[in-house]
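Structural overview
What follows is each chain in one-letter form.
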Amino acid sequence: MRRLAAWVAIGLVVAAFGSVRLAQAGKDLDNVRIRGTLACGLGTGLPGFEFLDSQGNWRGLAVDVCRAAAVALFGDIGKVKYVPTNAQHRFTVLQAGEVDMLLGNATQTLVRDTALGLDFTGIYYYGGQGFMVPKKIGVKSARELSGASICVTAGTTTELNLADYFRTNRMTFKPVILEKVEEVRAAFFAGRCDVYTADVASLAATRATTAANPEDYAILPEIISKDPAGAMVRHGDNQFADIVRWSLYAMIEAEEYGITSGNVDEMLKSDNPAIKRLLGVTPGMGKALGVDEKWAYNIIKQVGNYGEIFERNLGSGSPLKLARGQNALWTQGGLQYAPPVR
């Protein structure tokens, strides 16, 4: 009888586990597959992250994160619908179901990760907020900005960080708050404010691509915040969130193992068990996610590894020429670290 009871208990546990797995697949993933495209909400006018190039094509680090998820789902980098958003409305757009996935250069915070009914799915960029000033005003440090007028985008953590920094350091400032990033930049370069505050990478992008003479502007040395940016999805569809999350991790893991878009076919011959699992030579990882076993291979082949997408959008292959810094791999002194694909 004891043995029978034990087997019954095991059966109940297995059945319960199976029910949980079935419950994880929700309407978001179903809707994406029925539609045949992944709808990504993107901020506009963020060079290096989310922007339209001169031919009207979306480019940027965040755009490639979106594309990687589409490739995992459909095996095709073109299966994406891009939906422009702004800082004021980006979360509402995702909550309302107008997009499946939100980039928008959104900083992960406790409130956003809990109170909005949304989930972050991994950090694709570790950033921090700074200040840019015209060199002609002679300011060398953020501590010299008391009384300055400062341009900032409304409805962002940038606005909150700015207020916190000045309050903490017992300084005053005159906020010039505008809804769109393009409006903020235009106001700064038109002289409507003394200072422009944003993520340091965004400041560097603005200086490189928007300023009439980039040498006329300086980015001050202080970093006043932690701004980890991640893709967001709605609460409730665990399988869809897993696919988005592990699409990013696959690109980070690929860089760690030296797998690139150029050598991924050769790497299929590798004897390394971790590489064989990642590329689907040893099956099982695709089944665990509910996608094709070649999901990671397809991402690397069509989008690239994390190092590739960073370099072409923000690094040496881009106008920004940003160093990897905190976004280097953990093996190289940075923070980018992916759990093992196994």
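Okay, so let's go over this structure. As the structure is a computational prediction, the values presented were derived from the model and not from experiment.

Procedures and definitions
Residues numbered from 1 in each chain as written. Predicted model: local features only at pLDDT ≥ 70, side-chain atom pairs only at ≥ 80, totals over all residues. Heavy atoms only, no water. Helix = DSSP H or I, 4+ residues; strand = E, 2+ residues; numbered from the N terminus. Rg over C-alpha atoms; globule rule 2.2 N^0.38 Å. Buried < 20%, exposed > 50% of the residue type's maximum accessible area, 1.4 Å probe, protein only. Contact = heavy atoms within 4.5 Å. Areas by Shrake-Rupley, 256 points an atom, 1.4 Å probe, with all protein chains shown as cover. Lys, Arg positive; Asp, Glu negative; His and termini not counted. Charge placed at Lys NZ, Arg CZ, Asp CG, Glu CD. Disulfide = S-S within 2.5 Å. Pairing = 2+ DSSP bridges. Right-handed = clockwise from strand over helix to strand, strands pointing away.

Turning our eyes to something else, we now look at the overall build of the chain. From N to C terminus, the chain includes 14 helices and 12 strands. The C-alpha radius of gyration computed for the chain amounts to 22 Å, which stays within 12% of the reference 20 Å derived for 342 residues, consistent with globular compactness. Its C-alpha atoms give the chain principal-axis dimensions of roughly 85 × 45 × 35 Å. Classification of the 342 residues of the chain by burial places 51% in the buried group. For the chain, the proportion of contacts with a sequence separation of at least 24, taken over those separated by at least 6, is 71%. Just so you have it, the chain exposes about 15800 Å², and 55% of that area is on carbon and sulfur atoms. For the chain, the centre of its 36 positive side-chain charges and the centre of its 34 negative side-chain charges are spaced 3 Å apart.

Going through the model one piece at a time under the given rule, you end up with 2 disulfides. A disulfide bridge connects Cys-40 with Cys-66, and the sulfur atoms are separated by 2.2 Å. Note on the Cys-40 and Cys-66 pair: the S-S dihedral is about 100°, so by sign convention the disulfide is right-handed. Linking Cys-40 in strand β1 (residues 38-43) with Cys-66 in helix α3 (residues 61-74), this pair joins segments that are 26 residues apart in sequence. On the accessibility criterion, Cys-66 (0% relative accessible area) is buried. Between the sulfur of Cys-151 and that of Cys-193 lies a disulfide, 2.0 Å long from S to S. Because the sign of the S-S torsion sets the handedness, a value of about -110° for the bond joining Cys-151 and Cys-193 places this disulfide among the left-handed ones. With Cys-151 in strand β8 (residues 148-153) and Cys-193 in the loop between α7 (181-189) and β10 (195-199), this residue pair connects regions lying 42 residues apart in the sequence. Accessibility classification places Cys-151 together with Cys-193 in one group, the buried group. In the chain, numbering the disulfide-bonded cysteines from first to last in sequence yields the connectivity 1-2, 3-4.

To continue, consider the pairing of strand β9 (residues 173-178). The sheet contact formed by β8 and β9 spans 6 bridges and is parallel. Bridged to Thr-153 within β9 is Leu-178. Once the chain exits β8 it traverses helix α6 (residues 157-168) before rejoining the sheet at β9, and the crossover so formed is right-handed.

On to the environment of Asp-216. Within the element layout of this structure, Asp-216 appears in the loop between α8 (200-209) and β11 (217-219). For the pair Asp-216 and Thr-121, spaced 95 residues apart in sequence, the C-alpha separation works out to 38 Å. Other than its neighbours up to four places away in sequence, Asp-216 contacts Val-133, Pro-134 and Lys-135.

So, about the environment of Ala-187. Take Ala-187: it is sitting in helix α7. Measuring from C-alpha to C-alpha, the distance between Ala-187 and Val-176 comes to 8.6 Å, with 11 residues separating the pair along the chain. Dropping the residues within four chain positions of it, Ala-187 is found in contact with Cys-151, Leu-178, Arg-192 and Cys-193.

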